[in-house]
Amino acid sequence: MAASGAEAALLVDVSDLPVGHTRRLEAEGRELLLCHTPEGFFAVADRCTHMAFSLSGGRLEGCLLECPLHGARFDVRDGSVRARPAHRPLATFPVRVSGARAEIRLDRSTSA
Amino acid sequence: VTAAGSQRRGGTPLGRAPAADLGSAPIPKERYTSAGFARLERERLWPRVWLLAGLERDLAQPGDYSTFEIGAESVLLVRQRGGDVRAFHNVCMHRGNRLREPGSGRAVRFACAYHGWQYDLDGRLLEALDAHTFPQGCPGEALSLSPVRCERWGGFVWVNLDPGAVPLREYLGVLPAHLDPYHFEEMQILDDVTVEIPCNWKTSVDAFNEAYHIAGTHPDTLDVNDDVNVPIDCYERHTRMILKLAVASPRHPEHGRVTERIREHFLASAGVDPAGFRGGAEDVRPAIAKAVREVQGPALGADFSQLDDSQLVDDYHYTVFPNVTLNIFGRSAWLFRHRPHPSDPDRMYFDFWNLLRAPAHQLPRPAHRHELLRDDLVLEPVGGGGELLAQDFYNLPRIQAGMRSSGFRGLHLGDQELRIRHFHRVIDSYLAGGDGSLGG
């Protein structure tokens, strides 16, 4: 993993991240969760918008990520809430994959 | 009847149950339509029987949970850090809020969305906000999640709301000896659908509890099954029938011949070249069994040596009291679970699990689907057969509506419907305060 300050991007080796799994990342003071879904890689903020609990212990099913505390669900493609009790969407970060490397743009997140 | 030869090593016992004498009285239709009868079931039946609540495979890691809804109850099944599976009422002990939505997932702890009380995976209350403000004592162990009896067999998780219930294996009676050779623990789920149907849960159980309806409901299948010679066994609480497949019914004009669909569907799907098959009708089933055992078994990673030819070809059909129907086809199975509506005797939830024994393969677990019954609903399960279920579904609301007719007197059952009579006897035992054993 390497953070490039100029472009505020994070480079991650994803060769050992199978579909259905997530990886927690920290860079530039942010906590992210990189999610490998059947539709590709997506990165979201690793804090549930309901009680700020880390989502990293939750299950990723398809593109839905579940908070392991109350069971709120988010669509990691756009951060939208798919099951309560959360109301506000998760911040998302653009991901570009090239081979075994994923580039996560920290400077272009959607605002939560 | 089907049991030519001797029992295979580790296989299902071949003996038949003694013939059950259950009389010939009509079954009152009110058992299906009356709110009072449904209330009796809620009070005396559902809280006292072992219920199939989930798949152990869905609870692979510590924290994995799934819920089971039965009537007004919701039960939380949770894989523990030590590997055990435990069950709790899915309700916060503070103000009664549901802890988790119906479904499955992974938790690190269970937090209530109302006041934030938090419970560990083992049900212990970990945190209550401002605990010192409860003058009756700080919420602690005494307010841990309410446990539910939970045991496992066959890759399934079972619960019983009665803390004093007999152990699961005792309740299941002969079933583990009969069904262990199929190795359900190696089966994976290919389809997972709930269909909400406007009928009583027993109307749905009955619809699959006999082969007498095949000629009327599924006449287009008589070229591939024998709906006439169907052995029935009534065990203590549970029952079985064996429906021979890949043979044309004695009612069918091509009885005794290898019909086109036997050739194209049964032989071909087992991997036997239908064009090259030169045998007669009696050679079909051994050929299928041989191919399943010798070719499909290794491909699936499954050892079928404990199953005899009939078990690898036919539908071994078990009703696990009160609400599970198993159609077992050797390498695969269709499991139906019939759940009552919390209050309305005219509604129920039909759960359909399509199972395949393929331990060599990691098959993707399908997401659960929920459907409202409509006449054009065809489930299209992996491996086919959706039109069969659609034919049964078509009947169910109409049976329920017809039973409410003032011109209908009650169920007039024949010998081929003996299992329905047995089913009602076992229900009666529970409603009378008994434990469902008929001594049969």
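The shown structure was predicted, so the numbers you read here are calculated from the model rather than taken from an experiment. (Residues numbered from 1 in each chain as written. Chains lettered and ligands numbered in written order. Predicted model: local features only at pLDDT ≥ 70, side-chain atom pairs only at ≥ 80, totals over all residues. Heavy atoms only, no water.)

(A) Focus on empty space enclosed by the protein. Residue and element names in this part refer to chain B. Taken as a whole, this structure holds five cavities of 30 Å³ or more when the rule is applied. Considered as a void within the structure, the largest cavity measures approximately 80 Å³ in volume. For the lining of the largest cavity, the element with the highest residue contribution is helix H2 (residues 35–45), accounting for three residues. Taken together, the residues of the lining of the largest cavity sort by class into five nonpolar, three polar and four charged. (1 Å grid on protein atoms, 1.4 Å probe; cavity = no way out; pocket = protein on both sides within 12 Å on 5 of 7 lines; lining within 4 Å. Points joined across faces, edges and corners; volume = space filled by probe spheres on them. Helix = DSSP H or I, 4+ residues; strand = E, 2+ residues; numbered from the N terminus. Nonpolar A, V, L, I, M, F, W, Y, C, P; charged D, E, K, R; others polar.)

(B) Summary view of the confidence of the model for chain B. Across chain B, pLDDT averages 95, with 98% of residues at or above 70. In the model output, the complex is listed with pTM 0.91 alongside ipTM 0.78. (pLDDT = per-residue confidence, 0-100.)

(C) Seen up close, the layout of surface pockets. All names here are of chain B. Taken as a whole, the second largest pocket holds about 1,100 Å³ of empty space. If you go around the second largest pocket, you meet 42 residues; those closest to its centre are Leu245, His265, Phe329, Trp334 and Leu388. Of all the elements in the fold, those that place two or more residues in the lining of the second largest pocket are strand S14 (239–245), helix H7 (260–269), helix H8 (281–300), helix H9 (309–313), strand S15 (315–320), strand S17 (332–340), strand S18 (348–357) and helix H10 (386–403). Broken down by element, the residue count for the lining of the second largest pocket peaks at five residues, all from H10. Per-class residue counts for the lining of the second largest pocket are 20 nonpolar, 15 polar and seven charged.

(D) The side chain of Thr33(B), seen in detail. Along the chain, Thr33(B) turns up in helix H1 (residues 30–33). When near neighbours in sequence (up to four residues on either side) are disregarded, Thr33(B) contacts Pro345(B), Gln400(B), Met403(B) and Arg404(B). (Contact = heavy atoms within 4.5 Å.)

(E) Local environment of the sheet that holds strand S9 (residues 81–83) of chain A. All names here are of chain A. Within the open sheet, the four strands sit side by side as S6-S7-S8-S9. Their pairing is antiparallel. The strands lining the two open edges of the sheet, one partner per strand, are strand S6 (60–61) and S9. Direction of pairing for strand S7 (residues 64–66) relative to strand S8 (residues 73–75): antiparallel, over a ladder of three bridges. In the strand pairing of S8, leucine 65 is matched with phenylalanine 74. (Pairing = 2+ DSSP bridges.)

(F) Inspection of the interface of chain A and chain B at higher detail. Every contact between the two is made by 13 residues of chain A and, on the other side, 16 residues of chain B. Between chain A and chain B the total buried area reaches about 1,100 Å² when both faces are included, carbon and sulfur atoms providing 45% of it. Arg100(B) is the partner of Glu66(A) in a salt bridge, and the nearest nitrogen-oxygen pair spans 3.4 Å. On inspection of chain A and its partner chain B, the count reaches eleven residue pairs in polar contact (both at pLDDT 80 or more). A breakdown of the residues in the side of chain A that touches chain B according to their chemical character gives five nonpolar, four polar and four charged. (Buried area = accessible area lost by both parts, 1.4 Å probe. Salt bridge = Lys/Arg side-chain N within 4 Å of Asp/Glu carboxyl O. Polar contact = N/O pair within 3.5 Å; in protein donor to acceptor, adjacent residues only side chain to side chain.)

(G) Summary view of the environment of Glu31(A). Residue and element names in this part refer to chain A. Within the secondary structure, glutamate 31 sits in strand S4 (residues 30–37). Judged by its relative accessible area of 27%, glutamate 31 is partly exposed. For the pair glutamate 31 and arginine 73, spaced 42 residues apart in sequence, the C-alpha to C-alpha distance is 18 Å. Sequence-distant contacts of glutamate 31, defined by excluding residues within four places in its chain, comprise Arg24, Leu25, Glu26, Val44, Ala45, Asp46 and Arg47. Here arginine 47 takes part through its side chain, which lies 2.9 Å from a polar atom of the side chain of glutamate 31. (Buried < 20%, exposed > 50% of the residue type's maximum accessible area, 1.4 Å probe, protein only.)

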